[in-house]
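Coordinate analysis (summary)
What follows is each chain in one-letter form.
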Amino acid sequence: MNAPEPIHTRPGQFVLTLNAGSSSLKVALYASGGDTPLVSGIADRIGGADGILKLKDGAGQPMPVHGAQLDSHESALAAVIDALRRDFPALALVAVGHRVVHGGARYAEPLVLDDAALEYLESLVPFAPLHQPHNLRGIRAAMAAFPGVPQVACFDTAFHRQHPWVNDAFALPRALYAEGVRRYGFHGLSYEYVSGALAQRAPGLSSGCVVVAHLGNGASMCAVQNGRSVASTMGFSALDGLPMGTRCGQLDPGVLLYLMDQKGMSAGHISDLLYKQSGLLGLSGVSNDMRTLEASPAPEAAEAIDYFVFRCQREVGAMAAAMGGIDALVFCGGIGENSRLIRQRICERLAWMGIELDHQRNAANAFVVSTETARTTVLVIPTNEELVIARAARAAALTAEANP
Ligand code: AMP
């Protein structure tokens with residue numbers, strides 16, 4: 001009897017995930033139904049003279065990439081496909097899943113894209129001008145590269161769509177709410193993954209009041225009650241809430257008026273200031289990277305960390321208040337998953353809400369990092385947005401196939 005063909009060489013068994021940024025394209029290839037990527041990587045600095053494509057296989061080993069041309073998202077995707085085909089000649093896809101930052105007020109679920117949906121997503125570009133156009137470029141490149149393969153959009157806003165109205169609106173004239181000026185919330189794919197993992201590993205906690213802290217280069221918190229988002233620190237844009245690597249976080253709108261009226265700054269300049277020059281970088285003048293700040297002797301680096309920690313402490317309180325209590329605090333994202341120092345500093349002043357860290361567990365980045373006796377459990381759950389996209393893309397494609 002012949003040995004069964006390994007699953008990854010059977011046609012029609014793959015899901016490709018794409019996350020297109022302004023000059024990058026993150027990719028992962030999954031066996032349909034599999035949870036571990038067979039290939040993952042990034043095409044970076046697309047359009048620059050020093051564009052680079054880095055791919056690794058399922059064992060984490062670098063894959064050979066020969067002379068990739070990365071002058072556009074289309075050529076970056078072509079280079080990815082070329083590299084994949086060398087290991088997976090029968091590359092037939094069940095679906096391509098795309099990370100899309102904004103699904104507007106309309107989309108609360110992943111969606112198989114058609115012309116009408118693309119048109120709606122295009123209309124949301126003014127709401128997320130720094131991300132949405134690039135997400136759409138990735139979709140168009142994949143449509144051209146894989147004609148006939150379902151393209152599934154997975155939205156960072158979708159997880160938050162059931163916010164109660166008081167957490168959805170700003171106290172502005174209602175006409176602005178009607179035209180879409182709302183608190184959408186972001187990082188929804190991460191919160192979905194973490195909530196699902198919590199439901200599997202600690203179902204008792206996941207049915208309660210959980211604050212999830214996604215602390216990475218982008219950072220936000222979400223109040224998740226019984227598996228549903230009820231509030232988030234991010235609002236209309238991915239600028240609000242916590243300070244981030246280079247983004248300012250919560251800001252008095254009066255500052256914007258001052259910058260415009262008194263300093264004559266244009267919208268473009270202000271956008272650059274708030275998105276790219278603020279946050280940890282702006283405060284420290286040293287770096288946007290938490291590891292670098294932790295290692296830096298500069299007093300400004302220490303102050304930037306103090307500010308980050310303080311805002312995190314405040315927002316854990318705010319998220320708990322939005323739910324009327326807290327049963328668990330979950331850390332994820334590059335900082336949340338890896339920095340024992342930041343977790344410890346944040347938790348230090350949260351004893352009043354029943355939080356008490358076990359320092360050994362915290363140092364080991366364990367699943368549970370609180371003490372046995374703590375009233376509120378503190379956990380670390382490495383997030384996995386790509387897996388959420390891969391699963392959702394496969395499920396949406398299969399549903400669409402069953403209901404043509
Ligand atoms: P992300 O955007 O989720 O990839 O997270 C990136 C952030 O995580 C950067 O600020 C990194 O410095 C930070 N980070 C990653 N590993 C560590 C670590 N071991 N200690 C402190 N910060 C870390």
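Here goes a summary of the coordinates provided. (Residues numbered from 1 in each chain as written. Predicted model: local features only at pLDDT ≥ 70, side-chain atom pairs only at ≥ 80, totals over all residues. Heavy atoms only, no water.)

Some points on the site of the ligand
Neighbouring residues of the ligand: Gly216, Asn217, Asp289, Met290, Arg291, Glu294, Gly333, Gly334, Ile335, Asn338 and Ser339. The separation between an oxygen atom of the ligand and a polar main-chain atom of Gly334 is 2.9 Å. Here the ligand has 510 Å² of accessible area as a free molecule, and 72% of this is covered by the chains. Taken together, the elements giving at least two residues each to the shell around the ligand come down to α10 (290-295) and α12 (333-338). Broken down by element, the residue count for the shell around the ligand peaks at 4 residues, all from α12. Within the shell around the ligand, the residues separate by chemical class into 2 nonpolar, 6 polar and 3 charged. (Near = heavy atom within 4 Å. Polar contact = N/O pair within 3.5 Å; in protein donor to acceptor, adjacent residues only side chain to side chain. Areas by Shrake-Rupley, 256 points an atom, 1.4 Å probe, with all protein chains shown as cover. Helix = DSSP H or I, 4+ residues; strand = E, 2+ residues; numbered from the N terminus. Nonpolar A, V, L, I, M, F, W, Y, C, P; charged D, E, K, R; others polar.)

Some points on the sheet that holds strand β10 (residues 228-232)
Judged by pairing direction, the sheet is mixed, and its 5 strands sit side by side in the order β10-β9-β8-β11-β12 without closing on themselves. Since the sheet does not close on itself, it has two edges, and those belong to β10 and β12 (377-380), each with one partner. The average angle at which neighbouring strand axes cross in this sheet is 25°, direction not considered. Bridge count between strand β11 (residues 328-332) and β12: 4 bridges; the pairing is parallel. Each residue of the ladder has a partner; that of Leu329, found in β12, is Val378. Of the strands in this sheet, β8 (209-215), β9 (219-225), β11 and β12 touch helix α5 (residues 188-201), which is tilted by about 135° from β8. Each of β8, β9, β10 and β11 is contacted by helix α11 (residues 299-323), which is oriented at about 20° to β9, the strand it contacts most. (Pairing = 2+ DSSP bridges. Axes fitted to C-alpha atoms, helices over the stretch in contact; angles between N-to-C directions. Contact = heavy atoms within 4.5 Å.)

Notes on the pattern of salt bridges
Summed over all chains, the structure comprises 12 salt bridges. In this structure, Glu385 and Arg99 form a salt bridge, with 3.2 Å as the shortest nitrogen-oxygen distance. Of this pair, Glu385 sits in helix α15 (residues 385-402) while Arg99 sits in strand β5 (residues 93-100), placing them 286 residues apart in sequence. Across the pair, Arg99 and Glu385 agree in class, each one buried. A salt bridge links Arg291 to Asp289, with the shortest nitrogen-to-oxygen separation between them at 3.9 Å. The exposed category is assigned to Arg291, whose relative accessible area is 68%. Its relative accessible area of 28% is what places Asp289 among the partly exposed residues. Ionic contacts of the salt-bridge type, sharing partners, join the residues Arg99, Asp156 and Glu385 into one network. (Salt bridge = Lys/Arg side-chain N within 4 Å of Asp/Glu carboxyl O. Buried < 20%, exposed > 50% of the residue type's maximum accessible area, 1.4 Å probe, protein only.)

Quick notes on the sheet that holds strand β7 (residues 151-155)
Taking strand neighbours across the sheet as the criterion, the 7 strands line up as β4-β3-β2-β1-β5-β7-β6 in an open arrangement whose pairing is mixed. Looking at which strands have only one partner, the edges of the open sheet turn out to be β4 (52-57) and β6 (111-112). Taken together, the 6 bridges between strand β3 (residues 39-44) and β4 define a ladder with antiparallel strand orientation. Following the sheet pairing, Gly41 is matched in β4 by Leu55.

Observations regarding the environment of Gly325
Note that Gly325 resides in the loop between α11 and β11. As a C-alpha pair, Gly325 and Pro297 span 28 residues in sequence and 38 Å in three-dimensional space. The residues contacting Gly325, other than those within four sequence positions of it, are Cys209 and Ala320.

A short note on the packing of aromatic side chains
Within this structure, the stated rule accounts for 7 aromatic pairs. Summarising the aromatic geometry, the rings of Tyr184 and Phe236 are spaced 6.5 Å apart at their centres and angled 40° between planes, so their arrangement reads as tilted. Pair noted here: Tyr184 is in the loop between α4 (174-178) and α5 and Phe236 is in the loop between β10 and α7 (253-261), with a separation of 52 residues, a long-range link. Ring-pair connections join several aromatic residues into one group, and the members of that group are Tyr107, Tyr120 and Phe155. The side chain of Arg106 reaches across the aromatic face of Tyr120, ending 3.9 Å from its centre. (Phe/Tyr/Trp six-rings, centres within 6.5 Å; stacked < 30°, edge-to-face > 60°. Lys NZ or Arg CZ within 6 Å of the ring centre and 35° of its normal.)

So, helix α13 (residues 340-348)
Buried within α13 we find Ile342, Arg343, Ile346 and Cys347. One face of α13 carries all of its buried residues, which in axial projection span an arc of 125°. (Arc of directions from axis to C-beta.)

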